[in-house]
Amino acid sequence: MEHAPGDYGNLLHQLQAISGSGTVPFVRPPWNDHVAIKKILDCGAQGVLVPYVNTGAEAAEAAAACRYPPVGLRGVSGSNRGARYGNNLKNYLESANREITVIIAIETREAVDNLDDILAVEGLDGVFIGPMDLSTNLGHPGDLGHPEVKAAFAEVEAKVLASDKFLGTLTTTWERTQECFDKGYQWLIVMQDGTALVRAANAMAAKIRDTY
């Protein structure tokens with residue numbers, strides 16, 4: 001929901017479909033906004049990946065948005081899908097605070113510099129390195145092989161893997177996926193539906209042109 005044109009109605013339908021698959025649904029909010037996060041969780045998401053978090057205070061805000069008082073500031077509603085439309089409110093209030101997974105995205109030099117403060121936040125479960133945003137913010141758009149970008153990745157990897165948080169990022173190839181798993185990453189986005197469809201279409205079109 002950060003870049004794609006989805007809305008909360010579409011999200012609800014997607015989560016309903018996912019519920020029959022045994023898959024745990026994560027959602028990326030459009031911003032570190034407690035109202036948006038509240039609506040996403042009320043729809044039944046079990047985890048969020050909050051973009052563009054640059055400080056420990058911002059990470060704490062994201063964690064608080066995902067949890068009910070007294071440990072957080074999420075507004076209480078018993079009529080939403082997450083609470084089974086009023087049939088599971090008490091259990092949901094208890095389980096949500098315990099089970100909702102909170103991940104924040106490291107996408108700037110500022111976030112890398114403040115990583116120690118971010119990792120100290122209670123209630124934060126994981127850290128995601130946004131490769132395109134981070135490389136662009138460092139002045140090397142899309143150049144993941146640039147020494148400065150690789151050094152920033154290595155700095156984040158070392159600190160997160162030494163902490164009690166899990167580490168994630170976006171990979172687009174099998175080789176990169178293997179490399180990340182071998183380093184100790186535990187949470188990877190390995191493909192995206194739109195780009196996968198485009199690659200398949202381009203490959204088919206190229207084969208037709210080459211053949212006929």
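Everything here concerns the structure above.
Here the structure is a predicted model, which is why all the values come from computation and not from measurement.

Any details on the pattern of salt bridges? Residues and values, ideally.
Applying the stated criterion across every chain yields a total of 13 salt bridges. The partner of D125 in a salt bridge is R67, and the shortest N-O contact between them spans 3.7 Å. Of the two residues, D125 sits in the loop between helix 6 (115-119) and strand 4 (126-129) while R67 sits in the loop between helix 3 (56-65) and helix 4 (89-99), which places them 58 residues apart along the sequence. Relative accessible area serves as the criterion here: at 9%, R67 is assigned to the buried category. Residues participating in the shared-partner salt-bridge network are R109, D113, D116, E155 and K159.

Give me a nonpolar patch on the surface: which residues, what numbers.
On the surface, M204, I208 and Y212 cluster together into a nonpolar patch covering about 420 Å² of accessible area. Assignment of secondary structure puts Y212 in the segment after helix 10 (193-211). On the accessibility criterion, Y212 (83% relative accessible area) is exposed.

Tell me about the sheet that holds strand 4, and please be specific about residues and values.
The six strands lie next to each other as 1-2-3-4-5-6, forming an open sheet whose pairing is parallel. Each edge of the open sheet is held by one strand with a lone partner, namely strand 1 (26-27) and strand 6 (187-189). Where strand 3 (residues 101-106) lies against strand 4, four bridges are found, and the strand directions are parallel. Its bridge partner being in strand 4, A105 is matched across the sheet by F128. Strand contacts of helix 8 (residues 147-161): strand 3, strand 4 and strand 5 (166-170), with the helix running at about 150 degrees to strand 5, the strand carrying the most contacts.

Tell me what's going on with the environment of V71, and back it up with residues and numbers.
Tracing the backbone shows V71 in the loop between helix 3 and helix 4. Each C-alpha atom, one on V71 and one on E157, is 29 Å from the other, the two residues being 86 residues apart in sequence.

Mind laying out the layout of surface pockets, listing which residues take part and the relevant values?
When its volume is computed, the largest pocket comes out at roughly 1,200 Å³. Elements with a minimum of two residues in the lining of the largest pocket: helix 1 (8-18), strand 1, helix 7 (131-137) and strand 6. The class makeup of the residues in the lining of the largest pocket is 21 nonpolar, seven polar and six charged. Taken as a whole, the second largest pocket encloses approximately 390 Å³ of empty space. At the level of elements, helix 1 and helix 4 are the ones that each hand at least two residues to the lining of the second largest pocket. A class-by-class count of the residues in the lining of the second largest pocket yields eight nonpolar, seven polar and three charged.

Reading the values: the criteria
Residues numbered from 1 in each chain as written. Predicted model: local features only at pLDDT ≥ 70, side-chain atom pairs only at ≥ 80, totals over all residues. Heavy atoms only, no water. Salt bridge = Lys/Arg side-chain N within 4 Å of Asp/Glu carboxyl O. Helix = DSSP H or I, 4+ residues; strand = E, 2+ residues; numbered from the N terminus. Buried < 20%, exposed > 50% of the residue type's maximum accessible area, 1.4 Å probe, protein only. Patch = residues over 30% accessible without salt bridge, like charges linked within 9 Å, V, L, I, M, F, W, Y side chains within 5 Å. Areas by Shrake-Rupley, 256 points an atom, 1.4 Å probe, with all protein chains shown as cover. Pairing = 2+ DSSP bridges. Contact = heavy atoms within 4.5 Å. Axes fitted to C-alpha atoms, helices over the stretch in contact; angles between N-to-C directions. 1 Å grid on protein atoms, 1.4 Å probe; cavity = no way out; pocket = protein on both sides within 12 Å on 5 of 7 lines; lining within 4 Å. Points joined across faces, edges and corners; volume = space filled by probe spheres on them. Nonpolar A, V, L, I, M, F, W, Y, C, P; charged D, E, K, R; others polar.

No statement about biological role is implied by the geometric values presented.
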